[in-house]
Structures are given as structure tokens and as C-alpha cells.
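Chain residues, written in single-letter form:
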Amino acid sequence: MKKFGTAALAAGLLAAPAFAASITVSFASDDGPTQEWTFDQDTGMATMGEISAPYTWDEDARKLCVDIPEQGEVCGVFDSVAQAVGESSSYTLTDGTTGTATVTAMSE
């Protein structure tokens, strides 16, 4: 669960500007490898390699939930909201996993 769940929560880092259709985020788990995910705000899908999963974002709670294939829903809460490339936020998953997510790219 940590392998996909940690990285898949990238979109929760963002309250993306209206112009950003795609956002890429690098996740550095405190106890695991770094992964990079891309979030398509138009389709509501998150992708990493061949993995693609729908996500939802509650901006008020800074909570992101991702429905990962063969794993089910994974949720996480972010300490802050990033709005630009290079900004970061700490996060905590519902299973207690922690780490730092950093926005690495935005595209229209």
C-alpha cells in the first residue's frame, strides 16, 4: 500500500491554478523510495508509469483520496497547499506514513 499510496496522493499538495491542466509531483517518503506522479485535473486521473487511478481532492480539509487498482481507496492529508513549481508540503497517510511532496512541473 505504501508504494502506490504515498505517491498517488500528490494532487493533495495542490490547489492548482486554473491554467494548470497537468501537475507532476515528486514524493519522498520518510521510509521509502521517491516516486513521481502526474495528475490530470481535466480527467481526474493520476498516473505513474502504467498505473492510472481516479482521485478526489477536498481543498478545505487538504485531503486527497485515490482509488488505486487492486488496493482500494488510499487517503492522505497535507500540511499546506502548494501553488507553484518547486513548492513542497509534508503529508500523512491514513496508515501513518509520512513524507514530503514537491511540485516538479505544471502544464496547460
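Residues numbered from 1 in each chain as written. Predicted model: local features only at pLDDT ≥ 70, side-chain atom pairs only at ≥ 80, totals over all residues. Heavy atoms only, no water.

## Re the sheet that holds strand β8 (residues 98–107)
Consideration 1: Pairing in this closed barrel of eight strands is antiparallel, and the strands run β1-β2-β3-β4-β5-β6-β7-β8 around the ring. In this sheet, neighbouring strand axes are inclined to one another by 35° on average, regardless of whether the strands run parallel or antiparallel.
Consideration 2: The sheet contact formed by strand β6 (residues 72–78) and strand β7 (residues 88–93) spans three bridges and is antiparallel. Within β7, the position partnered with Gly76 by the bridge is Leu93. (Pairing = 2+ DSSP bridges. Helix = DSSP H or I, 4+ residues; strand = E, 2+ residues; numbered from the N terminus. Axes fitted to C-alpha atoms, helices over the stretch in contact; angles between N-to-C directions.)

## Here we look at the side chain of Ser29
Consideration 1: Checked against the element boundaries, Ser29 lands in strand β1 (residues 22–29).
Consideration 2: Separated by 2.8 Å, the side chains of Ser29 and Asp31 make a polar contact.
Consideration 3: Among the polar contacts made by the side chain of Ser29, one reaches the main-chain amide nitrogen of Gly32 at a distance of 3.5 Å. (Polar contact = N/O pair within 3.5 Å; in protein donor to acceptor, adjacent residues only side chain to side chain.)

## Thoughts on the state of the cysteines
Consideration 1: Taken as a whole, this structure holds one disulfide when the rule is applied.
Consideration 2: Between the sulfur atoms of Cys65 and its disulfide partner Cys75 the distance amounts to 2.1 Å. In this structure the cystine formed by Cys65 and Cys75 twists about its S-S bond by roughly 110°; its chirality is therefore right-handed. Of this pair, Cys65 sits in strand β5 (residues 63–68) while Cys75 sits in strand β6, and the two are 10 residues apart along the sequence.
Consideration 3: In this structure Cys65 comes out as buried when scored by relative accessible area, which is 12%.
Consideration 4: When its relative accessible area of 8% is taken as the criterion, Cys75 is described as buried. (Disulfide = S-S within 2.5 Å. Buried < 20%, exposed > 50% of the residue type's maximum accessible area, 1.4 Å probe, protein only.)

## Description of unusual backbone geometry
Consideration 1: Even without a glycine there, the phi angle at Arg62 is positive, about 55°.
Consideration 2: Following the sequence through the fold, Arg62 ends up in the loop between β4 (51–58) and β5.
Consideration 3: For Arg62, a relative accessible area of 29% gives the class partly exposed.
Consideration 4: In this model, Glu70 sits at a positive phi of 65°, which is unusual for a non-glycine residue.
Consideration 5: Relative to the helices and strands, Glu70 is located in the loop between β5 and β6.
Consideration 6: Among the residues examined, Glu70 registers a relative accessible area of 86% and is labelled exposed.

## Thoughts on the packing of aromatic side chains
Consideration 1: Applying the stated criterion across every chain, the model contains five aromatic pairs.
Consideration 2: Taken together, a centroid distance of 5.3 Å and an interplanar angle of 85° make the contact between Phe39 and Tyr55 edge-to-face. Linking Phe39 in strand β2 (residues 34–40) with Tyr55 in strand β4, this pair joins segments that are 16 residues apart in sequence. Judged on exposure class, the residue Phe39 and its partner Tyr55 are both buried.
Consideration 3: Put simply, the rings of Phe27, Trp57, Phe78 and Tyr91 pair up and form one aromatic cluster. (Phe/Tyr/Trp six-rings, centres within 6.5 Å; stacked < 30°, edge-to-face > 60°.)

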